[in-house]
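Take a look at the letters that make up each chain.
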2 protein chains.
Amino acid sequence: MIKSLGQKEDHILQIAMQVFLEKGWHGTRMQEIADRAGINKAMLHYYFRSKERLYTTILEKLFIRFMNSLADSFKPGQDFATTLRTFLDRFHDHLLQNPNLPLFIVRELSEGGKIVKRVVEQVVNQQGLRTPQMMINEFKHAQKRGEIIPIEEPVQFLLTVIGACVYFFLAKPILNPVFPEIDFDSPQFIEQRKKLIFEHLYLGIKNREKNP
Amino acid sequence: MIKSLGQKEDHILQIAMQVFLEKGWHGTRMQEIADRAGINKAMLHYYFRSKERLYTTILEKLFIRFMNSLADSFKPGQDFATTLRTFLDRFHDHLLQNPNLPLFIVRELSEGGKIVKRVVEQVVNQQGLRTPQMMINEFKHAQKRGEIIPIEEPVQFLLTVIGACVYFFLAKPILNPVFPEIDFDSPQFIEQRKKLIFEHLYLGIKNREKNP
DNA sequence: GTCTATATCCTGATAGAC
DNA sequence: GTCTATCAGGATATAGAC
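Residues numbered from 1 in each chain as written. Chains lettered and ligands numbered in written order. Predicted model: local features only at pLDDT ≥ 70, side-chain atom pairs only at ≥ 80, totals over all residues. Heavy atoms only, no water.

Section: the relation of the copies chain B and chain A
Least-squares fitting of chain B to chain A yields an RMSD of 0.5 Å, with the superposition described by an axial translation of 0.0 Å and a rotation of 180°. Both chain copies can therefore be described as sitting about a two-fold axis. In terms of C-alpha distance to the rotation axis, chain B has B:G204 as its closest residue, with the C-alpha 1.6 Å off the axis. The overlap is high: 98% of the interface residues of chain B also sit at the interface in chain A, so the same surface is used on both sides. (Least-squares fit on C-alpha atoms with pLDDT ≥ 70 in both. Contact = heavy atoms within 4.5 Å.)

So, the domain arrangement of chain A
Many descriptions give the size of an interface as the accessible area lost when the pieces come together. Residues and elements named next belong to chain A. For chain A, the assigned domains read domain 1 (1-49) and domain 2 (52-203). The straight-line distance from the C-alpha centre of domain 1 to that of domain 2 is 27 Å. Taken residue by residue, the interface counts 16 residues in domain 1 and 18 residues in domain 2. Overall, the association of domain 1 and domain 2 removes approximately 1600 Å² of surface from exposure, summing both partners, and the carbon and sulfur fraction of that is 75%. By the criterion of area lost to domain 2, the three top residues of domain 1 are M17, L21 and W25, representing 39% of everything that side buries. Seen at the junction of domain 1 and domain 2, the total is 0 salt bridges. (Domains from an automatic or database assignment. Buried area = accessible area lost by both parts, 1.4 Å probe. Salt bridge = Lys/Arg side-chain N within 4 Å of Asp/Glu carboxyl O.)

Re the pattern of salt bridges
Going through the model one piece at a time under the given rule, you end up with 19 salt bridges over all chains. In this structure, A:K172 and A:D185 form a salt bridge, with 3.3 Å as the shortest nitrogen-oxygen distance. Linking A:K172 in helix α9 (residues 154-178) with A:D185 in the loop between α9 and α10 (187-203), this pair joins segments that are 13 residues apart in sequence. For B:K194, the salt bridge goes to B:D89, with nearest N and O atoms at 2.8 Å. Placement of B:K194 in helix α10 (residues 187-203) and of B:D89 in helix α5 (residues 80-97) is noted, with a sequence separation of 105 residues between them. Linked through salt bridges whose partners overlap, the residues forming this network are A:E22, A:K23, A:E32 and A:R36. (Helix = DSSP H or I, 4+ residues; strand = E, 2+ residues; numbered from the N terminus.)

A look at the protein's contact with DNA strand C
Around DNA strand C, a shell composed of 13 residues is seen, among which A:Y47, B:R29, B:K41, B:H45 and B:K51 lie nearest. At the protein interface, 64% of the atoms of DNA strand C within 4 Å belong to sugar or phosphate. Between DNA strand C and A:N40 there is a distance of 3.3 Å, counted from a sugar or linking oxygen to a side-chain nitrogen or oxygen. Here a phosphate oxygen of DNA strand C sits 2.8 Å away from a polar atom, N or O, in the side chain of B:R29. Breaking the surface near DNA strand C down by element, the ones donating at least two residues are α3 (41-47) of chain A together with α3 (41-47) of chain B. (Near = heavy atom within 4 Å. Polar contact = N/O pair within 3.5 Å; in protein donor to acceptor, adjacent residues only side chain to side chain.)

A short note on the protein's contact with DNA strand D
The environment of DNA strand D is made up of 14 residues, and the closest members are A:K41, A:H45, A:K51, B:M43 and B:Y47. Atoms of DNA strand D within 4 Å of the protein belong to the sugar or the phosphate in 62% of instances, the rest to bases. Take B:K8: an N or O atom from its side chain is 3.0 Å from a phosphate oxygen of DNA strand D. In the model, a sugar or linking oxygen of DNA strand D is placed 3.3 Å from a nitrogen or oxygen of the B:N40 side chain. When contributions to the surface near DNA strand D are tallied by element, the ones reaching two or more residues are α3 of chain A together with α3 of chain B. Along the lines of polarity and charge, the residues of the surface near DNA strand D split into 6 nonpolar, 4 polar and 4 charged. (Nonpolar A, V, L, I, M, F, W, Y, C, P; charged D, E, K, R; others polar.)

Observations concerning the packing of aromatic side chains
Residues and elements named next belong to chain B. In the structure shown here, the tally under the stated rule is 29 aromatic pairs over all chains. Arranged with centres 6.4 Å apart and planes meeting at 5°, the rings of F20 and W25 form a pair that is stacked. Look at F20 and you get buried, because its relative accessible area is 0%. Between F139 and F157, the aromatic rings sit 4.9 Å apart at their centres with planes inclined by 35°, giving tilted as the arrangement. In this pair, F139 sits in helix α8 (residues 130-145) while F157 sits in helix α9 (residues 154-178), placing the two residues 18 residues apart along the sequence. Looking at F139, the relative accessible area reads 2%, which means it is buried. (Phe/Tyr/Trp six-rings, centres within 6.5 Å; stacked < 30°, edge-to-face > 60°. Buried < 20%, exposed > 50% of the residue type's maximum accessible area, 1.4 Å probe, protein only.)

Quick notes on the interface of chain B and chain A
In this complex, chain B contributes 66 residues to the contact, which on the side of chain A involves 66 residues. Buried surface at the junction of chain B and chain A, summed over both partners, amounts to about 6100 Å²; 68% is from carbon and sulfur atoms. Across the contact surface, chain B and chain A share 2 salt bridges. With a closest N to O distance of 2.3 Å, A:K195 and B:E152 form a salt bridge. Taken together, chain B and chain A are joined by 24 residue pairs in polar contact (both at pLDDT 80 or more). If you list the elements that add at least two residues to the side of chain B that touches chain A, you get α1 (7-27), α6 (101-110), α7 (114-127), α8, α9 and α10 of chain B. By residue number, the principal contributor to the side of chain B that touches chain A is α9(B), which donates 19 residues. In the side of chain B that touches chain A, the residues fall into 40 nonpolar, 12 polar and 14 charged.

What follows is the structure, given as structure tokens:
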């Protein structure tokens, strides 16, 4: 499925990616992609048969790119604290550069997610979708080394970490009316977020000195 | 805005809510609502002027209902551990009974979220949207009492908690291909999830005995 | 490969008779 | 209040000339 594309196809794909990320599936008009790419609708259909094919191609690219950018977090011989910090760092930085990616993926899911499911299954089958499994493995090793306490189900922890990262980007549009005193777009907030997710999840919030 | 509705209006509203939750704004057809409600499109427009009015009404109902179901978690004189546990419990139970709610809201956001934003702002202005603020207050009190350690920014913790809760329901459709060995639909998994979110966030995962 | 013009379909909304 | 028939607009996709 991953074939090298001509220059022009690639250019269109970049444009289309931007539009889809901004407007989503339904919000995106083939006309707008054509306009922004400096061609017309007919050409768009000439290169990519249909809107769905175009969308699927883009989804696949975005997903794999994201997974790869996370995969760097895992380095052998690294303690789990560092791995977790790096993971949080990468995750937030990637989403900062692709702010609409979470909404984009989730919307797909909400519409039945047929395309996303197909892409995920395909990616899983192709490259084994190593990223989540790598995280789980790191987790088990850290447990054996005694760095962290035993956990019933590592997947639960992973879900919590990812949720903590993703939710902020999903909810950002409605956070301002709820907490008007906070500037959610400031780099400081994001840096604080990386730090505090780590601290809360790794160290907990309980005061162990006063309440043993 | 919240007025008592006739029997028929209410029935239509129930049906429309189901359809919107399933299909989202763009996916929903007025025709389908009419069909399922046993009336025709003209009547639908007769009762509710437009698709947008119908949608807004429903969104408002869903949002307020959810907030109220969470508000019960906060009881004066309760320690923060109990408050957090209750909150996690209520949150998961509500989403179990309304599995499409997270995807529904997020999809709205992903499509520009103009209506969601308006509804949130309206609800905030009307009843002050106490729920998030109550959580923040509980947090500050627990800090003063010494139950938990000082936190730079309580909102960050709240975002992490909510993210940990919501993400699971959002991602469920793609979790199976990634972790085929786990049954994400079992009640046990949800109960485990409530418990472990609490433990990880409240107590942390670091082994303090071996790594002081 | 490129473009114009158009086919085809679908949807929200309404007019108007009963 | 209820229904049928229809309008008006917008979207994807393609036919066909160059």
